[in-house]
Amino acid sequence: MTGIGPGMGGPDLIIAHLYPDLLRTYGDRGNLITLVRRAEWRGFSVRVVGVTRDERIPARANLVLIGGGSDRLQAIVGPDLVARRPELEELTAHDAVIFGICGGYQLLGDFYVAADGRSMPGLGMLDITTGPGKGRIIGRVRAQATLYGDTFECVGFENHGGRTLLRTSSATPLASVPHGQGNNGADGTEGAVQGNVVGTYLHGPVLPATPAFADALLRRALAPRTKGAPLEPLNDRLEEEAHALARTLRR
Amino acid sequence: MTTSNGSETVFQSVAVDNVSMPAAHSPPPHEGFNHEDGTGAGVATPGGATARARLRDAAAAAAALAAGRLSRTMRAGGGSSLPGVLVESLSPGFIARRAARLADGVVAVSGTNGKTTTASMIRVILRQEGLSTVGNESGANLKRGIATALVDARSNATVGVFEVDEAALVSLMPALRPRLVVLTNMFRDQLDRFGEVERVAELLRGACERLPDDGYVIANVDDPLLWHTVEGFRRIGFGVRRPSVSPTSGAGSPGIDPGAEPTPCPRCGAPLNYEERTIGHLGVVRCTRCSMRSATPDYEARVLIRDGLRSIVLDVAGVPLTLSTGGLHNAYNAAAAIAAAGVLGISPTRSVTALESFRPRFGRAEELQANGRPVWLALMKNPAAAAALIPEIAEDPRVGAVVVSVNDLVADGRDISWIWDVDFERLATAGVPLIPSGTRAPDVAVRLKYAGADPLPASRAPADAIRAATDACPPGKQAVVMATYTAMLDIRRAFLGDRAVRLLDVRS
Ligand SMILES: [Zn+2]
């Protein structure tokens, strides 16, 4: 433990993994594993709670993880997730971080129009909207990100049909994409950040080969406990090798 | 098979002797399996090809064969399917006409995993019954691979057993007109190719709709979405039951059921409860909301004894079967083959006798000698295959080191994110040295680190990784290599017999 006083009982970090039984494509589980290990290696105790339909998110959760899934699975979880807005707002009011990937990112927005034209309401916690586009956006991505004062390069894999637009200046892009299509293939942005809500299209999974991204999320999620103090550095030699390799892969 | 000569396969393709005298064999029309040429060539008539088309087929086959030989001699890439490419362009409709000449019909095997092994097992059973088979034994399972197999077919072949790519099956149904379609399972394979498992289900359903009226679908009842997909067709189910279920979740691994696919009820979308889980999402289920529940298999393989990757003892319809290739996935393959044979009128007792002599091939848990040590090779083509392998490897006390070799070429699937869905945590608890390898060795190293292991330095070249593994392996123990498809090809290339081993010895 990095100079932090004894906890008030209970783990230092509670991660709620939403719909682990349904939203888990493209190795999204790797993001969870990465967050857990990187907190544990620094001496924080971590509890992971899987939360599926009709189950409550722990009231003391510090980090909520929402993965992606097929249109069919997204349609199944959509209504359940949207009904959680009060629950999630309560959490962010207590400084919890919400992190959505691909489908989870889209559902954090105002609404989502599927390929068949059906419109689904989102959580409205990110000022973004997603509509259909021509063809899927598929390929490897390198993105220059800024998150909570940290800047880093993300490497990942994008695969989505939806086109996402940031609607107001309340939501800022997570990254710019010199190599890749990002949110919509048009404005060079990728992902969105609005207070403690973070969304990205990047699979890969993105966090294992971009440890700085994982650490920025962890530092924010652990802030109630650490007062936002910098996290102890880790030996990231293997992660850096994987990152360096990912930079060389063709799209 | 257990040989150090990696280029050999169990069933050598047979040189063709009939292509110059095509009219000599004109099998009698077989009821229910004659058909019009579905490819639009317009020369075939119900009951068989016209003499003109047959002559053209023969000439095309001869030309294609010659080109194939030339290509192999010149070591040109892609030689193995070249005859198929040529023959279909020289003589459109070739597959349909040649398949129609197979008097005992065609069996098509499709699904994500186990196609090659299942098709191979079916051929072994049919051959024991004295039938002459033709099939794409190389595993080339697109149209050209099947055309190549028909070019190479023995003149007296009466039955075709083809493995067919899931996406290619629909379009090949009119030409092949299979009496049986055997569907092994639907795992997430290469998402960058198919998109979603639901899409695969649609493709397979479309294929089943093209079955002849007296055709059957043989499908895995333990795969809830697959069994649901074939509802309404004449279907025969197979499944695997384990008497004692050991907990399979990885110690210390966050999250839930590693390796399992998300499986909502295919009928109503509610979560499924598993009474028993075998591999990934395969198992015996009951819906938490509606009346949907797993069917009782018509052909059930009950696991009696598991012995890692080496062997597995099953009870099939009261008959014990010792398979010389271990793992629950092979229990499924055997159950599928026995079910298919059963529908063709061959008793499980007869099938079991044939399968006792079955040997694995091409990286499907075979043994090589490297640096004077036995090395097991196991193909890890997707999360499901890896999920099936890891418990076998982690529980096997004979295993002394493991190479995890992941390539990201098109044939492997360019997206390797699935390594995070696989329970490497379980492998890490085995406590044996782990060596990352393949074109994505650095990603494997990170995965193993986060699984709680302390991997040895990554060796991208498989030969180096295997050397590291045999060096790290305690005496009396075996090294195991888990490799994706092209990584397996690299390994076999590096170990072509003694010469390659010697080459390896002088390298460092
Ligand atoms: Zn149901």
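Above this text you will find the structure in question.
Remember, predicted model here, so these are calculated numbers, not experimental data.

## So, the overall build of chain A
Phase 1 of the analysis: If you tally the helices and strands in chain A, you get six helices and 12 strands.
Phase 2 of the analysis: Residues classed as buried in chain A amount to 50% of the 251 residues present.

## Some thoughts on the sheet that holds strand β3 (residues 63–66) of chain A
Residue and element names in this part refer to chain A.
Phase 1 of the analysis: Spatially, the six strands line up as an open sheet ordered β2-β1-β3-β4-β12-β11, and their pairing is mixed. Across the chains shown, the open sheet's two edge strands, defined by having one partner strand only, are β2 (46–51) and β11 (192–194). When strand polarity is set aside, the average angle formed by the axes of neighbouring strands in this sheet is 15°.
Phase 2 of the analysis: Sheet topology note: the strand β4 (residues 97–101)/strand β12 (residues 197–200) ladder contains four bridges and is parallel. Bridging from a neighbouring strand, Phe 99 pairs with Val 198 of β12.

## Let's talk about the pairing of strand β7 (residues 272–277) of chain B
Residues and elements named next belong to chain B.
Phase 1 of the analysis: Where β7 lies against strand β8 (residues 283–287), five bridges are found, and the strand directions are antiparallel. Within β8, the residue paired with Arg 277 across the bridge is Gly 283.
Phase 2 of the analysis: The antiparallel pairing of β7 with β8 creates a hairpin that spans five residues between the two strands, and Gly 280 there sits at a positive phi of about 50°.

## Examining helix α1 (residues 29–40) of chain A
Phase 1 of the analysis: With 12 residues, α1 of chain A ought to run about 16 Å at 1.5 Å a step, and its terminal C-alpha atoms sit 17 Å apart, in line with that.
Phase 2 of the analysis: With 11 of 12 residues buried, α1 of chain A lies mostly within the body of the structure.
Phase 3 of the analysis: Contacts made by the buried residues of α1 of chain A are with β1 (13–18), β2, β3, β4 and α5 (211–226) of chain A together with α14 (441–450) of chain B.

## Describing the packing of helix α6 (residues 237–248) of chain A against α14 of chain B
Phase 1 of the analysis: Relative orientation of the contacting elements α6 of chain A and α14 of chain B amounts to 145°, with a least axis distance of 8 Å. α6 of chain A and α14 of chain B meet at a crossing whose hand is left-handed. Of the residues in α14 of chain B, those touching α6 of chain A at Leu 238, Glu 239, Glu 241, Ala 242 and Leu 245 of chain A are Pro 442, Asp 443, Ala 445, Val 446 and Lys 449 of chain B.
Phase 2 of the analysis: For the contact of α6 of chain A with α14 of chain B, the class distribution of residues is six nonpolar, no polar and four charged.

## Quick word on the interface of chain B and chain A
Phase 1 of the analysis: Every contact between the two is made by 23 residues of chain B and, on the other side, 35 residues of chain A.
Phase 2 of the analysis: Looking at the side of chain B that touches chain A, the elements with two or more residues in it are α7 (191–194) and α14 of chain B.
Phase 3 of the analysis: With six residues, α14 of chain B is the single largest residue contributor to the side of chain B that touches chain A.
Phase 4 of the analysis: Here the residues of the side of chain B that touches chain A are counted per class, giving 13 nonpolar, three polar and seven charged.

## Section: the nonpolar core
Phase 1 of the analysis: Membership of the largest hydrophobic core comes to 222 residues, with the highest contact counts inside it found for Leu 63 and Val 64 of chain A together with Ala 335 and Val 481 of chain B.
Phase 2 of the analysis: The greatest single-element share of this core, amounting to 11 residues, is contributed by helix α10 (residues 328–343) of chain B.
Phase 3 of the analysis: A domain split of this core shows at least three residues from each of domain 1 (14–355) and domain 2 (364–499) of chain B.
Phase 4 of the analysis: Apart from the residues within four sequence positions on either side, Val 64 of chain A is in contact with Ala 16, Leu 18, Ile 57, Leu 88, Leu 91, Ala 96, Ile 98 and Phe 99 of chain A.
Phase 5 of the analysis: Among the nonpolar cores identified, the runner-up in size contains five residues, and Leu 272, Val 284, Val 285 and Cys 287 of chain B belong to it.

Calculation notes
Residues numbered from 1 in each chain as written. Chains lettered and ligands numbered in written order. Predicted model: local features only at pLDDT ≥ 70, side-chain atom pairs only at ≥ 80, totals over all residues. Helix = DSSP H or I, 4+ residues; strand = E, 2+ residues; numbered from the N terminus. Buried ≥ 20, exposed ≤ 12 C-beta atoms within 10 Å, placed from the backbone. Pairing = 2+ DSSP bridges. Axes fitted to C-alpha atoms, helices over the stretch in contact; angles between N-to-C directions. Expected span 1.5 Å × (residues − 1). Contact = placed C-beta atoms within 7 Å. Left-handed = near helix turned anticlockwise from the far one by under 90°. Nonpolar A, V, L, I, M, F, W, Y, C, P; charged D, E, K, R; others polar. Core = buried A, V, L, I, M, F, W, Y, C linked by C-beta atoms within 7 Å. Domains from an automatic or database assignment.

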